[in-house]
Amino acid sequence: MKRRYNPYTLPPWVRQMREIGIQIIIPLTIFQGIRTVFFPTSFDVLLLGLLILLAIALRLEWL
């Protein structure tokens, strides 16, 4: 049987790093989106996609 994810069972430093990541990821994604619009390279597009997926995962508490 699969165990349910409970963020309160994580160590305090992991919870703190997760909260910091949630606060930083949205502005970083917006900056990368603006950069991708002006200087589109394949790396920038891949990085933007990765940041968007990471932001969604953190907001929906998948990570």
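All values reported here derive from a predicted model rather than from experimental measurement.

## Section: the overall build of the protein chain
Step number 1: Helix and strand counts for the protein chain stand at two helices and zero strands.
Step number 2: On C-alpha atoms alone, the protein chain measures out to a radius of gyration of 15 Å, which is more than a quarter above the 11 Å that the 2.2 N^0.38 rule sets for 63 residues.

## Thoughts on a nonpolar patch on the surface
Step number 1: Taken together, Trp13, Met17, Ile20, Ile24, Leu28 and Phe31 make up a surface patch of nonpolar side chains, about 670 Å² in accessible area.
Step number 2: By the secondary structure assignment, Ile24 is in helix α1 (residues 12-38).

## Some words on the packing of α1 against helix α2 (residues 42-59)
Step number 1: Running from amino to carboxyl end, α1 crosses α2 at an angle of 150 degrees, the nearest separation of the two axes being 9 Å. Overall, the two elements α1 and α2 adopt an arrangement that is roughly antiparallel. Crossing of α1 over α2 shows left-handed handedness. Between α1, through Arg18, Gly21, Ile22, Ile25, Ile26, Leu28, Thr29, Gln32, Gly33, Arg35 and Thr36, and α2, the contact on the second element is made entirely by Asp44, Val45, Leu47, Leu48, Leu51, Ile52, Leu54, Ala55, Leu58 and Arg59.

Conventions we followed
Residues numbered from 1 in each chain as written. Predicted model: local features only at pLDDT ≥ 70, side-chain atom pairs only at ≥ 80, totals over all residues. Heavy atoms only, no water. Helix = DSSP H or I, 4+ residues; strand = E, 2+ residues; numbered from the N terminus. Rg over C-alpha atoms; globule rule 2.2 N^0.38 Å. Patch = residues over 30% accessible without salt bridge, like charges linked within 9 Å, V, L, I, M, F, W, Y side chains within 5 Å. Areas by Shrake-Rupley, 256 points an atom, 1.4 Å probe, with all protein chains shown as cover. Salt bridge = Lys/Arg side-chain N within 4 Å of Asp/Glu carboxyl O. Axes fitted to C-alpha atoms, helices over the stretch in contact; angles between N-to-C directions. Parallel < 35°, antiparallel > 145°, perpendicular 65-115°, else oblique. Left-handed = near helix turned anticlockwise from the far one by under 90°. Contact = heavy atoms within 4.5 Å.

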